[in-house]
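# A closer look at the structure
Residue strings, one per chain:
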Protein chains: 4
Amino acid sequence: MARIRLGMVGGGNDAFIGGVHRIASRIDGHFELVAGALSSTPDKARASAEALGLDPARSYGSFEEMAEAEAARADGIEAVSIVTPNHVHYPAARAFLSRGIHVICDKPLTATFADAEAMEKAVAESKALFILTHNYTGYPMIRQARQMVADGLLGRIRIVQAEYPQDWLTDAVETEGVKQAEWRTDPERSGAGGSIGDIGTHAYNLACFVSGLTGTELAADLQSFGAGRRLDDNAHILLRYDGGARGMLWCSQVAPGNENGLRLRIYGETGGLEWAQEDPNYLWFTPHGEATRRLTRNGPGAIAAATSVSRIPSGHPEGYLEGFATIYAEAAEAIRAVQGGASRDAVMGVLPGIGAGLEGMAFIRACVASAGNNAAWTRL
Amino acid sequence: MARIRLGMVGGGNDAFIGGVHRIASRIDGHFELVAGALSSTPDKARASAEALGLDPARSYGSFEEMAEAEAARADGIEAVSIVTPNHVHYPAARAFLSRGIHVICDKPLTATFADAEAMEKAVAESKALFILTHNYTGYPMIRQARQMVADGLLGRIRIVQAEYPQDWLTDAVETEGVKQAEWRTDPERSGAGGSIGDIGTHAYNLACFVSGLTGTELAADLQSFGAGRRLDDNAHILLRYDGGARGMLWCSQVAPGNENGLRLRIYGETGGLEWAQEDPNYLWFTPHGEATRRLTRNGPGAIAAATSVSRIPSGHPEGYLEGFATIYAEAAEAIRAVQGGASRDAVMGVLPGIGAGLEGMAFIRACVASAGNNAAWTRL
Amino acid sequence: MARIRLGMVGGGNDAFIGGVHRIASRIDGHFELVAGALSSTPDKARASAEALGLDPARSYGSFEEMAEAEAARADGIEAVSIVTPNHVHYPAARAFLSRGIHVICDKPLTATFADAEAMEKAVAESKALFILTHNYTGYPMIRQARQMVADGLLGRIRIVQAEYPQDWLTDAVETEGVKQAEWRTDPERSGAGGSIGDIGTHAYNLACFVSGLTGTELAADLQSFGAGRRLDDNAHILLRYDGGARGMLWCSQVAPGNENGLRLRIYGETGGLEWAQEDPNYLWFTPHGEATRRLTRNGPGAIAAATSVSRIPSGHPEGYLEGFATIYAEAAEAIRAVQGGASRDAVMGVLPGIGAGLEGMAFIRACVASAGNNAAWTRL
Amino acid sequence: MARIRLGMVGGGNDAFIGGVHRIASRIDGHFELVAGALSSTPDKARASAEALGLDPARSYGSFEEMAEAEAARADGIEAVSIVTPNHVHYPAARAFLSRGIHVICDKPLTATFADAEAMEKAVAESKALFILTHNYTGYPMIRQARQMVADGLLGRIRIVQAEYPQDWLTDAVETEGVKQAEWRTDPERSGAGGSIGDIGTHAYNLACFVSGLTGTELAADLQSFGAGRRLDDNAHILLRYDGGARGMLWCSQVAPGNENGLRLRIYGETGGLEWAQEDPNYLWFTPHGEATRRLTRNGPGAIAAATSVSRIPSGHPEGYLEGFATIYAEAAEAIRAVQGGASRDAVMGVLPGIGAGLEGMAFIRACVASAGNNAAWTRL
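Bear in mind the structure is a predicted one, so any value in this text is a computation, not a measurement. (Residues numbered from 1 in each chain as written. Chains lettered and ligands numbered in written order. Predicted model: local features only at pLDDT ≥ 70, side-chain atom pairs only at ≥ 80, totals over all residues. Heavy atoms only, no water.)

## Topic: the UniProt feature "domain: Gfo/Idh/MocA-like oxidoreductase N-terminal" (unreviewed entry) in chain A
UniProt's feature table lists "domain: Gfo/Idh/MocA-like oxidoreductase N-terminal" (unreviewed entry) at residues 4-132 of chain A, given in the numbering used throughout. Structurally, residues 4-132 of chain A comprises 43% helix and 19% strand, and the distance from its first C-alpha atom to its last is 18 Å. (UniProt positions renumbered as here; feature names shortened; annotations may be inferred. Helix = DSSP H or I, 4+ residues; strand = E, 2+ residues; numbered from the N terminus.)

Okay, structure coming up:
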């Protein structure tokens, strides 16, 4: 199947989430990145495009320029990923939506609520798709949890506990040159929400996605613990959902020891579910009055909602693919080095080669020989 | 940077490891799959090639044909992935090595020790690289463990405990039409090793890779518990390593409750390390006499050996990328459906869109309003 | 050292917490139970006293009677444990305090705030000690956590997350004859608090005990999910502490899959601590910017605050003592049976005896023989 | 019920296991320690007896003296606990067995196999009970595991993996004055087994106890890693059991990071079980082809074999009793101090008292008030 031609706004060299979007777009082979407005700084945009192997003619200085030029090409982009700070989401999305180009946009939607409403209008006036990357909804066990709730396995939902602690803003690192921290703590670029916008929206989205409920009201206690910080870096929130369920949501970026502790627990009249993003292959399910089950991605008890978005067998945590990819990446590096004239021995590094293979075969041979001799000691 | 042109031998539609190799080759964007001899069954080879979008002219009926044809093309493949049952590894690899095409080959090296020695000769006579996918050596925390041992943080190594239990062969499923089980339990296609070849070699390779030691002798007790099974499905092995270290290796495919339980523990005179593949983002390090530390990929205490092969920040288990990729995959599906004429509302499925975005913005707005009113209850 | 003579109010045969108090009073050998008013039902009081081996003359029909009689004896009780439903705490305590008898009282203090103030007065007017069994403050790692906070290892405290979920009231079991549920869900006997009184007070006490902070205000959303239930069975509470720290407290008795999930997490400017009652031997400590440490009771990093209340070495979870005690209990049963005329073989049950001992010795002998013969196979 | 009169041989002030035996004998109130030959050093024996509150007339200088004197008393001991180094087990046990006094003896049985056979004879010639404290068989979930295997829930057993790593002998601490290490590494006092006798016998006993199998032969690789150490401190053992099951046993006292890591895994044709001593309240059960269940002591799925030896409800890890006991121990200390004339305020230390009680009541009152006012903020 032909790949979908993709452009990207933002995501220059030192951005975190742009690289994530690019890898995600490649994993299943559905997209091909062909154009970009990768930075608002021209030099950085150019260098980033070059590093990515983009056609220089399709590396643009601004999203407006890119939208106009790509819309005019026969082989122009069909979709665009917007991975900029929040305040750029709306104007960039509008530029592409108005030209019928599908938009994949990072969350939160916009920096201001007014922009969000304008975005809603822009989507309504376009025929193109608008997709927000609430990526945590893509985990197999989250899909399974959602389906189990929908299937009534928990009964009527009573309690929804969501939390998302991090620790990377414990110190005021935005004053020490950490770019990721700078824009996230700046109301001009992030909007009214600090931690609530950056990670609280993820937790809230996930709570609604899995429970099938909508929040009706909340009471929020927001704090800015970091010295001189203008946006919240910790939020304690009580929530009431439709149908009478109650919940809490805690998000924090100042809780030492928490790297990315997104966690969801849902309890109903007849059962409970627990899931933690840092241990994503497991879903803990308790039918009330029975022993807790550890459901695994693709393991016994996995349902179609999960298996249909699983790429590999149970027991292979999804990082398995990345470990594998590292071998491929190092193989590519070695191949290119040899193609460039390097000697074969010089390029293998820690890559397993024929030697490792022979050792493995010697291991098998010795095992079989030892076993054939009543498990006697056998030289390797 | 231009992508390396890649071919594949094996990996047709219902193969497991072929799909893994393809994803792994795409993640970092270094390879482009352009040719294949994907199955020894012509129909299946054709169908698999079509599903992957290969040029039909470059879908071959056999690896010999592919090696010859591709070597003759100016834009022929530069590297090939061999992902067949073990007994095909050697003849396939030889065909490409002899033409200077780099080989990436699944483990174990070959089905027989004689083939392994022939493979060694074929590698020696070629200028091409030979890379064996001992993929577990690609995990960041394994790289870190290896470096920590090499740096002397454990002192002289005394004990190496390796284990790799699975449960998928508990019943004799090879008699029930499970293809993955059929060839793995067949000496003609797998060679002399059952579980020791399929997974024991991984465990042994990892033990050596991390400890920096080489095994000198072993005593192996092999069992075939599955009814009528001809190869081992459980192995209990004592190992002696150079330098006086001792170890055990247990691999099993008949241990219910174990999906893919590869685990390594290494103890030296001054410290210990523990790592488990199903929880791969953590490395547990104990300097003797101090509290155990939980080292995380890219977290505090991570060293260059690990961070240089990490794609994403700490706290985002590597499955994070796949969750993200699922959003992209579903976005691609939606885009193609809309391009094919479907209505926009009909294609979104569970994809988060403008609605989810507005809910997030309403959440932020309500949080800020509530907090501004002493955390009073506020409608969402 | 002579044991302290102890009486008990409440704690008849089918009470849970009375048995716990009795075991706790025996573990270190400081108390001897010599008198009781074990039930308000005379028959049950008598039967319970007999089962405990109390002198029938010191089994009383009411706490008033017991207080008067014991105060008049030269060998009367020195202390009393009050383990009744909450509404009896105050009148019972007053009866003993007014006679100079020390009181050990279960929590919460009383059923009503008026009683609590009266209790305060009764304590003030007595010379006797009043001790409330907030038993979770007795765990070694809680003592260590408190000391670490006091020593400034977390810096100024910012966030206090406390939770205490259970699931035993998920269904309305108080209507099905579950005695423990009956009085706990009855405002006449429990007071104004359901889950907040029964377990919320534990969580709040622990949060204050460890953090060294005092709450200044709270916002509480209480629910009664159980059909027809009059007291809260779930509580979501926001808390503000002196010094600017913020926190949440969740307690629930309707969260399926949670048996007794008391958990405390405290974060300050320079570090974080986490502890869970169901895994009480570990305290997780993160100095900000460093790897998380797993501190163990009596292990490396344990400080005097913890080791001084530890009875056994690290690695022996405290249940070790109870496993040991089971052997002793079964030994007692066997000894009494033999004393009663049973044959020796008939009474051993699963108790390990000479046979197990010989097997162990044969194991050692075989190990040494095998090892002396290059780890050759050796008959057991 | 009257307590059984108990004596003790060994267990003087600085012994570890003697104190454990004493606590275990008190927990359920079945025994009363009334006599002792607590040390072979007279001064230490006397001081230890005094600290324990023994009648000085029943503190003996040797076990022979104690056996003779106690056997002659009408109120003499009915049972004796022997908690000495291994080489004293046999002569001490014989002295009591020959007088009809029941013996509770620490493991391993004796220091030499000849003594073990003599012990067997002494038991046979006596009517008294001989009980070996393989204490790990007393854990509720071990009882449950054994029963589940016996009930056929795992089918025919195939694999038994036992391990017991510790780290306290990593350095040669027996040369640095650590008494526990001195006798355990001394062949004169421990016998032929080092780690295999001290902890390997526990692991082997537990493997047999739960599996219901008996070992038939083994192959053992023993090491002495500690400098100058004469007995093994690490053992790697292959085992064959009757009925065709195979297993491994690893015990070590030189594996840094392992405090007391006894762990048992058993796999049969239709299911698997896993248990770890450091997390003893859980038993992980996998019926082959279904999701793994987390069985808890006294929780859903617990069977009579476990609940009959559980003292407290599920979710209260057994250490709960010890935390509770610490409150009682500190209460005793405070009571004695007040009885000795100290002021009440001076003795409370960290004990919760009336103040903690009032805080709890204020917490409940504020919760109810806040909830009654739509969860408004309320002063504590």
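Don't stop here, the text continues.
## Things to note about the sheet that holds strand β2 (residues 31-37) of chain A
All names here are of chain A. Strand order in this open sheet of 5 strands is β2-β1-β3-β4-β5, and the pairing throughout is parallel. Both edges of this open sheet fall to β2 and β5 (130-132), since each of them pairs with a single strand only. The sheet shows a mean angle of 25 degrees between the axes of neighbouring strands, taken without regard to direction. Judged from the 6 bridges that link them, strand β1 (residues 4-9) and β2 form a sheet pairing that is parallel. Across the sheet, the residue bridging to L6 is L33, located in β2. (Pairing = 2+ DSSP bridges. Axes fitted to C-alpha atoms, helices over the stretch in contact; angles between N-to-C directions.)

## Overview of the pattern of salt bridges
Close approach of charged atoms allows side chains of opposite charge to pair. Under the defined criterion, the tally for this structure stands at 91 salt bridges over all chains. The shortest N-O distance in the salt bridge between E174(A) and R229(A) comes to 2.8 Å. With E174(A) in the loop between β6 (157-165) and α7 (179-184) and R229(A) in the loop between β7 (215-223) and β8 (234-241), the pair connects residues that are 55 residues apart, well separated along the chain. By relative accessible area, E174(A) is classed as buried at 14%. Across the salt bridge formed by R230(D) and D186(D), the nearest N and O atoms sit 3.4 Å from each other. Of this pair, R230(D) sits in the loop between β7 (215-223) and β8 (234-241) while D186(D) sits in the loop between α7 (179-184) and α8 (187-190), and the two are 44 residues apart along the sequence. A single network of salt bridges, built from pairs that share partners, joins E163(A), R263(A), R265(A), E274(A), E163(C), R263(C), R265(C) and E274(C). (Salt bridge = Lys/Arg side-chain N within 4 Å of Asp/Glu carboxyl O. Buried < 20%, exposed > 50% of the residue type's maximum accessible area, 1.4 Å probe, protein only.)

## Some words on the packing of aromatic side chains
All names here are of chain A. For the structure shown, the criterion picks out 22 aromatic pairs over all chains. Pairing Y136 with Y139 gives two aromatic rings, centres 5.9 Å apart and planes at 15 degrees, and the pair type is stacked. Side by side, Y136 and Y139 carry an identical accessibility label, which is buried. One aromatic cluster is present, formed by Y136, Y139, Y164 and W275 through successive ring pairs. (Phe/Tyr/Trp six-rings, centres within 6.5 Å; stacked < 30°, edge-to-face > 60°.)

## What to know about the interface of chain A and chain B
Facing the 148 residues of chain A at the interface are 147 residues of chain B. Taken together, both faces of the contact between chain A and chain B bury some 12700 Å²; the carbon and sulfur share is 67%. For chain A, the biggest contributors to the area lost against chain B are Y328(A), R344(A) and W377(A); these three give 7% of the whole. Applying the counting rule to chain A against chain B returns 4 salt bridges. The shortest N-O distance in the salt bridge between E32(B) and R3(A) comes to 3.3 Å. Looking at the side of chain A that touches chain B, the element that brings in the most residues is helix α11 (residues 319-339) of chain A, giving 19 residues. (Contact = heavy atoms within 4.5 Å. Buried area = accessible area lost by both parts, 1.4 Å probe.)

## Structural notes on the sheet that holds strand β1 (residues 4-10) of chain C
Adjacent strands of a sheet pair through backbone hydrogen bonds, lying either parallel or antiparallel. Residue and element names in this part refer to chain C. The strand order β2-β1-β3-β4-β5 describes an open sheet built from 5 strands, whose pairing is parallel. Each end of this open sheet is capped by a strand with a single partner; those strands are β2 (31-37) and β5 (130-132). Within the sheet, the average angular offset between the axes of one strand and its neighbour, ignoring direction, is 25 degrees.

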